[in-house]
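# Inside the fold
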Amino acid sequence: MEKLILRLRNEPFWSMFFAFAAMIFVLMVTQTLTQSIKSWELDTEMFLWFLLVGFVAQSIDGALGMAYGVSCNSILLGIGIPPASASAWVHFAQVFTSLASGISHWKMGNVDWKLAKRLLIPGVIGSVIGAFLLSNVDGDLVKPIIAVYLFVMGIVILRKVRKKHAPKFNRESRSLPVLATGGGFADAIGGGGWGPIVNSTLLSKGKIARYAIGTGNFVEFFVSLASASTFLFFVKELSLAPVLGLILGGIIAAPFAAYICKLIKPKYLMIAVGILIILLSIRTFYLAL
């Protein structure tokens, strides 16, 4: 905590951004819980199922840096929830789970603050644009493009594992803001995608696995907050049981997942991430056809 306070004092950027994010977070939560949830009657069976879904999804996401949004969004779409509503529900839950995950990764020392600063603003801008478009147009149009990109990234990551000398990561690369904007946009459009696009690309560029995943998950809180706030201007109703289940399941899993990320060797993390990305890309492309 002392290190965080010192950083906030020395870097006005983080002080202002944390304060602004906290204000948006409080406004969004109070507004949603008081007006947007259509029923306070809790479906216990549905809550328990989504508690399990949230726990499993966040365990994978926190350890490998991806799959929370994709997993949860797929289930919601599978039971007939409209795409905009499904993405809104997932991102509302993900605000809480990514906050827990980001704090856990920060405490484990997995966050590269300078890299986080490069990704933050572009990621937020991309997520707001994506949430606005999905609320007004069909997001399925861009899913095949995202699927192809993810497949290529998965192959690139697996090839990096075989190389003895990984490329040196360039934190000042001009492509990072573009990457973050695209990741935020795709995340809002597809109900998940920040981790597969941003974290996988950081890994393919040579970033150490624990820092790529930890930093990506830390920034994801702000990206999710931006997209959830935008969605809730257009989607006025949330269903209490699935949203609450996703939130609590994810929060419970976050500390364990961050510890696993720190514990596992980077080589094995990269193999797991590469395989997961390829499988998700194939599934995304198949569903988009």
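Look above for the structure.
Residues numbered from 1 in each chain as written. Predicted model: local features only at pLDDT ≥ 70, side-chain atom pairs only at ≥ 80, totals over all residues. Heavy atoms only, no water.

### Notes on a nonpolar patch on the surface
This is how the line gets drawn: Like charges are joined within 9 Å and nonpolar side chains (Val, Leu, Ile, Met, Phe, Trp, Tyr) within 5 Å, but only among residues with over 30% relative accessible area and no salt bridge; these make up the patches. Computed with the Shrake-Rupley method and a 1.4 Å probe, the accessible areas treat only the protein chains shown as cover for residues. Salt bridge, as used here: a side-chain nitrogen of Lys or Arg that lies within 4 Å of a carboxyl oxygen of Asp or Glu. The secondary structure listing takes helices from DSSP runs of H or I that are at least 4 residues long and strands from runs of E that are at least 2 residues long, numbered from the N terminus. Only protein chains enter the accessibility calculation, which uses a 1.4 Å probe; a residue whose area is less than 20% of its type maximum is buried, one above 50% is exposed, and one in between is partly exposed.
Taken together, Trp49, Leu52, Phe55, Val56, Leu248, Ile251, Ile252 and Phe256 make up a surface patch of nonpolar side chains, about 750 Å² in accessible area. Going through the elements one at a time, α3 (44–64) and α11 (240–263) are the ones with two or more residues in the nonpolar patch. As for its placement among the helices and strands, Phe256 is situated in helix α11. When its relative accessible area of 54% is taken as the criterion, Phe256 is described as exposed.

### Let's talk about the nonpolar core
The line we're drawing: What is meant by a nonpolar core is a set of buried Ala, Val, Leu, Ile, Met, Phe, Trp, Tyr and Cys residues, joined one to another through side-chain atoms within 4.5 Å. For this analysis, residues touch if any pair of their heavy atoms sits within 4.5 Å.
In terms of nonpolar packing, the biggest core is built from 62 residues, with Met28, Val95, Leu119, Leu202, Phe218, Val219 and Phe222 touching the most fellow members. The element contributing the most residues to this core is helix α10 (residues 209–234), with 13 residues. In this structure Leu119 touches Leu176, Ala180, Trp194, Val198, Leu202 and Val219, once residues within four positions along its chain are discounted.

### Things to note about the packing of aromatic side chains
Formally: Stacked, tilted and edge-to-face pairs are distinguished by plane angle, under 30 degrees for stacked and over 60 for edge-to-face with tilted covering the rest, among Phe, Tyr and Trp rings (Trp via its six-membered ring) whose centres lie within 6.5 Å.
Applying the stated rule across the entire model yields six aromatic pairs. Ring geometry for Phe92 versus Phe96: centroids 5.6 Å apart, planes at 65°, classification edge-to-face. With Phe92 and Phe96 both in helix α5 (residues 83–107), this residue pair falls four residues apart, about one helical turn. For Phe92, a relative accessible area of 3% corresponds to the buried category. The exposure class of Phe96 is buried, given its relative accessible area of 17%.

### Focus: empty space enclosed by the protein
Quick reminder of the rule: For each structure, a 1 Å grid was placed over the protein atoms alone; sets of points admitting a 1.4 Å probe that cannot get out are labelled cavities, open sets with protein on both sides within 12 Å along at least five of seven lines are labelled pockets, and lining residues have an atom within 4 Å of a point. Grid points are joined across faces, edges and corners, and a volume is the space filled by probe spheres set on the points.
Within this structure, the stated rule accounts for two cavities of 30 Å³ or more. By volume, the second largest cavity amounts to about 40 Å³. Lining the second largest cavity, in full, are Gln58, Asp61, Tyr68, Gln94, Thr97, Ser98, Ser101, Asn217 and Glu220. Taken together, the elements giving at least two residues each to the lining of the second largest cavity come down to α3, α5 and α10. With four residues, α5 is the single largest residue contributor to the lining of the second largest cavity.

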